[in-house]
Amino acid sequence: MTANNAQATRTLLNGAEIPVVGLGVWQVPDGRECERAVSSALESGYRLIDTAQAYRNESSVGRAIRSSGIPREEIFLTTKFYPGSRDPLVEVERSLERLGTGYVDLYLIHWPKGGPTWAWSGMERASEAGLARGIGISNFSAAELQELLKVSQIPPTVNQIQFSPFEYRRSLVEACADAGVVAQAYSPLGTGRHLGDPVVERIASATGRTPAQVLIRWAIQKGLSVIPKSTHSERIVENFDVFDFELDEDSVSALDSLDTTDQTPDALARTQKWWS
Ligand code: A2P
């Protein structure tokens, strides 16, 4: 990856290239707001859009992709299996209908509800049917990833996790790397909470960048793919404008020291996992 390459990618185990920065649409209501955000991202150069069955906005994502005029194969589209449902294959077919496309590039188990392994054979069937080009996981711990690796015929390509300097989770990222799994950061801005942190603000003003850009850049430099969420077009543009600068070592270690997970695999060392 070069620092100024806006189409920088990470290579997945299935040979696909996943863009380093994408738009996440968690908590974006279905309808005009979601369509506008996705359209604005695609116009600004984003080629990775991340949705989920649980977000209930796949139809809007699909409409924005189709109306962009960008060839489908140039866009990396992720959705996630809602693990309250039973069959990942049936559910991906429904997702594809809502998205108005023949395949997703990545299909993730949204969280390991009911254990890390039961849904995987259905995910593999979705892959074998060509409906999901890549399959993966989200919110899996290092131990859950290991359990899955013991039973999988097709390995997971991605583990999408809550990740920011405050939720550094270094040992989980290392466990993913050891398994060849690309870690992807959701909530890289702490859903907005981390933008006002004094250390983040200080580094932003010293580098002539915004706090959001500093947090996104930090995650990129840790080797992750990152999916900041915004519904404001100026912020969507800002969050993608992170390929022409590099945080220096001092800035990276100042950000590293904000960690509240004691570099454990956990998202929030002192609180419950939201998905338990
Ligand atoms: P909004 O959608 O109103 O723009 P995360 O990606 O960590 O989940 O953070 C998303 C939150 O951060 C949203 O509330 C979003 O608000 C806000 N946000 C996203 N990008 C920026 C930005 N560049 N500047 C300020 N706030 C931002």
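Please refer to the structure higher up on the page.
Conventions adopted
- Residues numbered from 1 in each chain as written.
- Predicted model: local features only at pLDDT ≥ 70, side-chain atom pairs only at ≥ 80, totals over all residues.
- Heavy atoms only, no water.
- Helix = DSSP H or I, 4+ residues; strand = E, 2+ residues; numbered from the N terminus.
- Contact = heavy atoms within 4.5 Å.
- Polar contact = N/O pair within 3.5 Å; in protein donor to acceptor, adjacent residues only side chain to side chain.
- Core = buried A, V, L, I, M, F, W, Y, C linked by side-chain atoms within 4.5 Å.
- Buried < 20%, exposed > 50% of the residue type's maximum accessible area, 1.4 Å probe, protein only.
- Pairing = 2+ DSSP bridges.
- Axes fitted to C-alpha atoms, helices over the stretch in contact; angles between N-to-C directions.
- Salt bridge = Lys/Arg side-chain N within 4 Å of Asp/Glu carboxyl O.

Caption draft 1: Spatial organisation of the environment of Q221. In this fold, Q221 is placed in helix α8 (residues 211–221). Q221 sits 31 residues away from V252 along the chain, and the two C-alpha atoms are 8.6 Å apart. Aside from chain neighbours lying at most four places away, what touches Q221 is E246, L247 and V252.

Caption draft 2: Molecular detail of the environment of D197. Examined against the element boundaries, D197 turns out to sit in the loop between β9 (182–186) and α7 (198–207). Placed 26 residues apart in sequence, D197 and G223 show a C-alpha to C-alpha distance of 23 Å. Polar contacts involving the side chain of D197 include one to the main-chain amide nitrogen of V199, which spans 2.8 Å.

Caption draft 3: Broad picture of the nonpolar core. V21, L23, V38, V61, Y107 and F163 are the most contacted members of the largest nonpolar core, which has 75 residues in total. By residue number, the principal contributor to this core is α8, which donates seven residues. In contact with V61, other than residues within four places in its own chain, are V25, C34, V38, I49, T51, L77 and L99. In this structure, L48, L106, V182 and I227 belong to the second largest nonpolar core, which totals 10 residues.

Caption draft 4: Structural context of the sheet that holds strand β10 (residues 225–226). Taken together, the eight strands give an open sheet; going across it, the order is β3-β4-β5-β6-β7-β8-β9-β10, and neighbouring strands pair in parallel fashion. Both outer strands of the open sheet, β3 (23–24) and β10, are each paired with one neighbouring strand and no more. With five bridges connecting them, strand β6 (residues 104–109) and strand β7 (residues 132–138) associate as parallel partners. Residue I109 lies in a different strand from β7, and its bridge partner there is I137. Strands in contact with helix α3 (residues 88–99) are β5 (76–81) and β6; relative to β6, the strand with the most contacts, it is inclined by about 135°.

Caption draft 5: Expanded view of the pattern of salt bridges. On inspection of all chains with the given rule, the structure shows 12 salt bridges. Residue D87 pairs with R125 through a salt bridge whose shortest N-O separation is 3.8 Å. On the criterion of sequence distance, the pair formed by D87 in the loop between β5 and α3 and R125 in helix α4 (residues 120–128) is long-range, its members being 38 residues apart. Accessibility expressed as a relative area gives 22% for D87, which makes it partly exposed. Where D244 meets R209, a salt bridge forms, and the shortest distance between an N and an O atom there is 2.5 Å. Of this pair, D244 sits in the loop between α9 (233–240) and α10 (249–256) while R209 sits in the loop between α7 and α8, placing them 35 residues apart in sequence. Note on R209: relative accessible area 18%, which makes it buried. Connected through salt bridges with shared partners, the residues R32, E35 and R63 form a single ionic network.

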